[in-house]
Amino acid sequence: MAIKPRIVVIEDEPEISRFLKTALEAQGYSINAVPDAKTGIKISSAHPPDLIILDLGLPDMDGKSVIKSIREWSQVPIIVLSARDQETEKVAALEMGADDYLTKPFGTSELQARIRVALRRGSRKEQPEEQKYMFESLTVDLLKREVFLKGKAISMTPTEYDLLAVLARKAGRVVTQSELLRTVWGKNAEENDHYLRIYVQRLRQKIGDDPLNPQYVFTEPGVGYRLREAE
Amino acid sequence: MRTKESHKRPDPAQLLSQIEADEQKKNRGKLKIFFGSSAGVGKTYAMLLEARRRKAEGIDVLAGIIETHQRPETKQVLKGIPELPRLEIDHRGVKISEFDLDAALKRKPAILLVDELAHTNALGCRHPKRWQDVEELLDAGIDVYTTLNVQHLESLNDVVESITGIPVRETVPDGLFDKADDIILVDTPPDELLNRLKEGKVYIAPGANEHAVQNFFKKTNLLSLRELALRRTADYVDVDTNVQRRREGVLTPNIAGDRIMVCIGPDQFAAKLVRTGKRLAAAMKAPWIAVYIESPDALDLTSRLRQNVQQALQSAERNGAEIFTLQGTNIGNELVEYAHSKGVTKIVIGKSIKSFWRRVFSRNLTEFVIAESGDIDVYVVTTPGASVLAQNFNRRREWKFPAIKINDHLFAMFVAAICTGTGYLLRPMLSNSDIIMVYLIGTVTVAAWLGRWPALLYSFLAVSCFNYFFTEPVFTFTVYDSSYWLTFAVMFFTSFVISSQAAKLREQMLFSRRREHETQLFYNLTKQLSVAQDEKSMMKDLENCIAEALHSETNIWLPDENGVLTMHKGSIVEDQLKEATAARWCFDHQESAGMGTNTMPSAMHFYTPIIGIKSVLGVLGIMPRSGHDAYLPDQVVMLKTFAGLLASALERLRAAEAAEKTNLLVEKEKLRNILLSSVSHDLRSPLSAIIGATDTLLQEETGNKMLGSIRQEAARLNKIINNLLDITRIEGGQLQLNMRPYYPAEIIGTAVDACRAVMKDHPLSLHVDENLPLVRMDGTLISQVIQNLLENAAHHTPAGTKVGIQVGLAHKALRMAVSDDGPGIPAGQEKEIFNKFATFTRGDKPKGTGLGLAICQAIVTAHQGRIWAENQPQGGARFVIELPDTLIVEEPI
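Residues numbered from 1 in each chain as written. Chains lettered and ligands numbered in written order. Predicted model: local features only at pLDDT ≥ 70, side-chain atom pairs only at ≥ 80, totals over all residues. Heavy atoms only, no water.

Turning next to the packing of helix α6 (residues 158–169) of chain A against helix α8 (residues 193–206) of chain A. Residues and elements named next belong to chain A. Contact geometry for α6 and α8: axes closest at 10 Å, N-to-C directions at 85°. In this view, α6 runs roughly perpendicular relative to α8, as classed from their interaxial angle. Contact residues: α6 offers Thr 159, Glu 160, Leu 163 and Leu 164, while α8 offers Leu 196, Tyr 199, Val 200, Arg 202, Leu 203 and Lys 206. Within the contact of α6 with α8, the residues separate by chemical class into six nonpolar, one polar and three charged. (Axes fitted to C-alpha atoms, helices over the stretch in contact; angles between N-to-C directions. Helix = DSSP H or I, 4+ residues; strand = E, 2+ residues; numbered from the N terminus. Parallel < 35°, antiparallel > 145°, perpendicular 65-115°, else oblique. Contact = heavy atoms within 4.5 Å. Nonpolar A, V, L, I, M, F, W, Y, C, P; charged D, E, K, R; others polar.)

Another aspect to go through is a nonpolar patch on the surface. Residue and element names in this part refer to chain B. A cluster of nonpolar side chains, contributed by Ile 406, Leu 410 and Met 413, occupies part of the molecular surface with about 290 Å² of accessible area. As for its position among the elements, Met 413 is in helix α18 (residues 406–425). For Met 413, a relative accessible area of 40% translates into the label partly exposed. (Patch = residues over 30% accessible without salt bridge, like charges linked within 9 Å, V, L, I, M, F, W, Y side chains within 5 Å. Areas by Shrake-Rupley, 256 points an atom, 1.4 Å probe, with all protein chains shown as cover. Salt bridge = Lys/Arg side-chain N within 4 Å of Asp/Glu carboxyl O. Buried < 20%, exposed > 50% of the residue type's maximum accessible area, 1.4 Å probe, protein only.)

Attention now moves to the pattern of salt bridges. Counted according to the given criterion, the structure contains 48 salt bridges over all chains. Between Glu 229 of chain A and Arg 120 of chain A there is a salt bridge, and its shortest N-O distance comes to 3.1 Å. Of this pair, Glu 229 of chain A sits in the segment after β12 (224–227) while Arg 120 of chain A sits in helix α5 (residues 108–123), placing them 109 residues apart in sequence. Given the relative accessible area of 16%, Glu 229 of chain A is considered buried. Among the ionic pairs, Asp 187 of chain B bridges to Arg 226 of chain B, the shortest N-O distance being 2.7 Å. One end of the pair, Asp 187 of chain B, is in the loop between β7 (182–186) and α9 (190–198); the other, Arg 226 of chain B, is in helix α11 (residues 219–248), and 39 residues separate them in sequence. Because the salt bridges share partners, they merge into one network encompassing Glu 11, Glu 13, Asp 55 and Lys 104 of chain A.

Taken together, the contacts link 31 residues of chain A with 37 residues of chain B. It is Arg 84, Pro 105 and Leu 212 of chain A that lose the most area in chain A upon contact with chain B, and together they represent 24% of the buried surface on that side. Our count for the chain A to chain B interface comes out at three salt bridges. For Glu 746 of chain B, the salt bridge is made with Arg 197 of chain A, and the minimal N-O distance between the two is 3.8 Å. Our enumeration of links across chain A and chain B arrives at 13 residue pairs in polar contact (both at pLDDT 80 or more). Elements with a contribution of two residues or more to the side of chain A that touches chain B: α1 (14–26), α5 and α8 of chain A. Tallying contributions element by element places α8 of chain A first for the side of chain A that touches chain B, with six residues. Class assignment of the residues belonging to the side of chain A that touches chain B gives a composition of 11 nonpolar, 11 polar and nine charged. (Buried area = accessible area lost by both parts, 1.4 Å probe. Polar contact = N/O pair within 3.5 Å; in protein donor to acceptor, adjacent residues only side chain to side chain.)

Residues and elements named next belong to chain B. Strand order in this open sheet of five strands is β10-β9-β8-β11-β12, and the pairing throughout is parallel. The sheet is open, and its two borders are formed by β10 (322–326) and β12 (377–381), each paired with just one other strand. Within this sheet the neighbouring strands show an average axis-to-axis angle of 20°, counted without direction. Bridge analysis of strand β8 (residues 260–264) against strand β11 (residues 346–350) gives three bridges, and the strand direction is parallel. Each bridged residue has a counterpart across the sheet, and for Val 262 the counterpart in β11 is Val 348. (Pairing = 2+ DSSP bridges.)

The subject of this paragraph is the sheet that holds strand β8 (residues 146–149) of chain A. All names here are of chain A. Pairing in this open sheet of four strands is antiparallel, and the strands run β6-β7-β8-β9 from one edge to the other. Looking along the sheet, the strands with just one partner apiece sit at the ends: β6 (132–135) and β9 (152–154). Across this sheet, the average inter-strand angle for adjacent strands is 20°, counted without regard to direction. Both strand β7 (residues 138–141) and β8 contribute to a ladder of four bridges, which runs antiparallel. Of the residues in β8, the one forming a bridge with Val 140 is Val 147.

A few words now on the side chain of Arg 121 of chain A. Residue and element names in this part refer to chain A. Here Arg 121 lies in helix α5. Residue classification places Arg 121 among the buried positions, given a relative accessible area of 17%. Contact partners of Arg 121, with chain neighbours within four places excluded, come to Arg 71, Gln 75, Val 76, Pro 77, Asp 99 and Arg 173.

These figures capture arrangement, not role.
Rendered as structure tokens:
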């Protein structure tokens, strides 16, 4: 039997902390719940966990500094929990290196999906990078730089492909607007939101995705885009 | 060279005033004057011809008032121009028809014809003069055509009188004439005019003095008047050219740097002096000052003289003079000093006529000014018929029976008796000349302490007693030695001189005491107003102060929330409507009105505006306690100071009140926000746990209905808490938009996705136009708006009801609509439902919090957009959001 993945939950609200512990332990994770950031960082550095769930509204430290101090020594996946009115902090946390976010209140299925994706990214560091993204009829071959829809190759401009590739490498996870702009168009393009919109639009058209009812590329208003988790 | 250059450069201040004047002109109506040398030259005819031409061009021309004088030619041209009905005024049983100013203002034509600018309105009209009506029309932006004869121009009034020998009472200020946008000179050669007169084509007022008419229409007169009219028109053109030149910086007027000062006293000269000053100033293009010299006995002036002075000063102000009031006992010195300090180069002063005695003992003011003015030129003005004026001058005080102070006179008699007694007792030791000395001591005492009349009485008694008791023959009033006559004369003379000087001193003392008293009043009022805690007590303080200082009743008008002026202090008088109208006019025009002024002079009060820093706060009116009278310039100045003090006090109070109110509001808001956010935070944490936990359980026990409803209700509760939190955030001004470009479809997609669970029983149809542009918006918030609307639709309509979303462009603006086939919105509540906590029931569903739509509205409004609700013709509600075209992003190609 595989070792249980260990998750550190840094959450000051006891109800949520208790619920997470119960729900996740039932799912077969080992949970270490702590009520404040300092203890969380200490525990994480002493026994590096497989995942950290971090609440953004901690009383002793703000989320960004916690992520920053963790990222100084570890690439452990971090999922942040945010309230609805913490939009900007959430985006900042993602920019600082958090892997994903969950807005309170969240359902269990959402939580499990996020944890799953994040853990996969965490475990990947020892394995060679995945070569292919596949969901339903869409296949992205990251080695050959080829895209197939229902088995047929689709021709794409380099920018369109780059965009899809960034999303595919982080499939299932949100990619912020500025990260997309930075990686695809370069450092100076971070302000040019409309490039991103226009190219996402073209990309959607090419892979037959309807923005009104998306199957692959999901818009996260104010944050960025998320490609559906691979099969 | 340099000096020339600097002369050419326009002074910035001057240019600025020119610009301001131009600005003012833009909104003001244009004035065109048809100007003639005398009656009968055809001004009205020329004006009507021009009006017809404008009418033919399609301009809205209205005849406000035209005197056709039953002449067929004039009547003929008037045809086709609509006429304003005249105002019928009933004046002591006589019906008078006048120009209806209010009707004209209401009708607001493009061009209004108003004949005879110099006309005097009947009592009961708003303004005493028609030219004032015209000013108001111009202010209201109406163009006015009018007619005017040269003899009615204020500055030429005296000249015309000297030419024709006929005084003209109806005058128009030159300022209005020079401000006119166009002057059309209507010129008819005298011979032709005389012919027309013979043919009866010149209108002569019925009942006019035949002789006067004959005198007026003499060829020499007509020639002179024509010359005057031509010259005045030339002056106007000159003024116009100068204005133009100044604008272009070609010429700086008044290179000589002249400055004229006109000295006005409380007498008949005032108006004439002002006219002279104005003429001189206009001719030299020099600035001028009108100085009013207040004398200690000004308070005793008759009301007619008071009005004279006030009107003369108003006329000077209208004609661009700076007004200054000088007071004190040493007027001559102060006048000359003031002239030097102001850089005056020319002084205009009247011949002051004094009583014989005063002329003997003191230098008259005019002579003093001439002697002391140094390098200043002095122009001395006389009026024809000085003797009449002198009479008027001497009669300028209302004749009052001198208040006899019985006690003083008794005391004078007593002193006379003492002196006589002392003299009689000491007679053996003293010669008669010594006894005269004793009497003289009495003279000095009485004259110095008791004043002129007791002193004269004493002198008479002393002389009589001396004569009776001491001169040979004793105990008779006969005198043998003629040298005693000299003694008597000396005694009278001494008592007169001493009492006069003492009286003068006392007057000065009284005068300075009055000043001191005034200063004290101002000081006290300022102190009282600064500590007053409410408006009522402020007004009370002011009322007391005015009662003391001006012996008047106070009347304070302040506007209420609707801008209606209401009287807050003072008593209701007989014709209260007139008072209200005068106060309103004063408030609107920020000028004095009512008694003694040119606007509604028949009102009982004199009104002055209470002018604050930014706006007029109200109107302060005063009415003399002793019946009708006019106020003197210095009293008006005092009243204005009072009004200023009240204004600053009111403003201070209001600012303090407003600050307190805001403070309270801020505190309240803060408290509410803290409460709400902590409550919602405390509620949300357990809710998150409940939702998470039920979710976990539901995964294991799918189909457990109890768990399902817990999950559903928890989600609903969560939504309510979120709404509460959102509205708190929005109202706390913490709603910050994160504006980014989005394709509308993306946002609709996220909203639809988020509402999937809520909408599971409502089939949704999406109609989003293709090729919609990128639109800048806060994606999260707009998505939330759509979600709220979808949830509302799901909530308020029965299961199975179709819900639709339509997105498209309407007039370049983005329109997003959420519609349903449900029961619709109760009629008449389409607007109300956006109010906070407005809830209504559609069907039997429970009420919501009433916050969802309020939040939607706040968000859309923050985007400068609109949101509205409507019932569709085919039934069902429709909520439409419109984001303005400014948010549309032009796509880069």
